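Inside the fold
Here are the chains, one letter per residue:
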Amino acid sequence: MVHPAVIRKMRRYAIKQAISELSEHPSPAEVEKIAKRHLLSYTELKQAYNRDRKDKDKAEIR
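All values derive from a computational prediction rather than experimental measurement.

Backbone geometry places leucine 39, a non-glycine residue, at a positive phi of 60°. Checked against the element boundaries, leucine 39 lands in the loop between helix H2 (28–37) and helix H3 (42–61).

In this structure, histidine 38 sits in the loop between H2 and H3. Judged by its relative accessible area of 18%, histidine 38 is buried. In this structure, histidine 38 is in contact with Ala14, Gln17, Ala18 and Glu21, ignoring residues within four places of it in sequence.

Turning our attention to the pattern of salt bridges. In total, this model carries five salt bridges according to the counting rule given. The residue arginine 37 makes a salt bridge to glutamate 21 at a minimum N-O spacing of 2.7 Å. Taken together, the residues arginine 37 in helix H2 and glutamate 21 in helix H1 (residues 4–21) connect sequence positions 16 residues apart. Where glutamate 32 meets lysine 36, a salt bridge forms, and the shortest distance between an N and an O atom there is 3.5 Å. Taken together, the positions of glutamate 32 and lysine 36, both in helix H2 and four residues apart, correspond to about one turn of that helix.

Reading guide: rules and limits
- Residues numbered from 1 in each chain as written.
- Predicted model: local features only at pLDDT ≥ 70, side-chain atom pairs only at ≥ 80, totals over all residues.
- Heavy atoms only, no water.
- Helix = DSSP H or I, 4+ residues; strand = E, 2+ residues; numbered from the N terminus.
- Buried < 20%, exposed > 50% of the residue type's maximum accessible area, 1.4 Å probe, protein only.
- Contact = heavy atoms within 4.5 Å.
- Salt bridge = Lys/Arg side-chain N within 4 Å of Asp/Glu carboxyl O.

Here it is, written out as structure tokens:
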């Protein structure tokens, strides 16, 4: 049995890795393909990508 904390860390790493593979303006097909490659859902990756973009935009403003 894998500890839930380890699963969360692995999932966060998979999301981070998947985001790094996306282009600047990914198409829905690209998001879906990369999400499947990292065993993520399309929605999960899309939400994480949008959150990452907002964080980067806020950092640029400061």
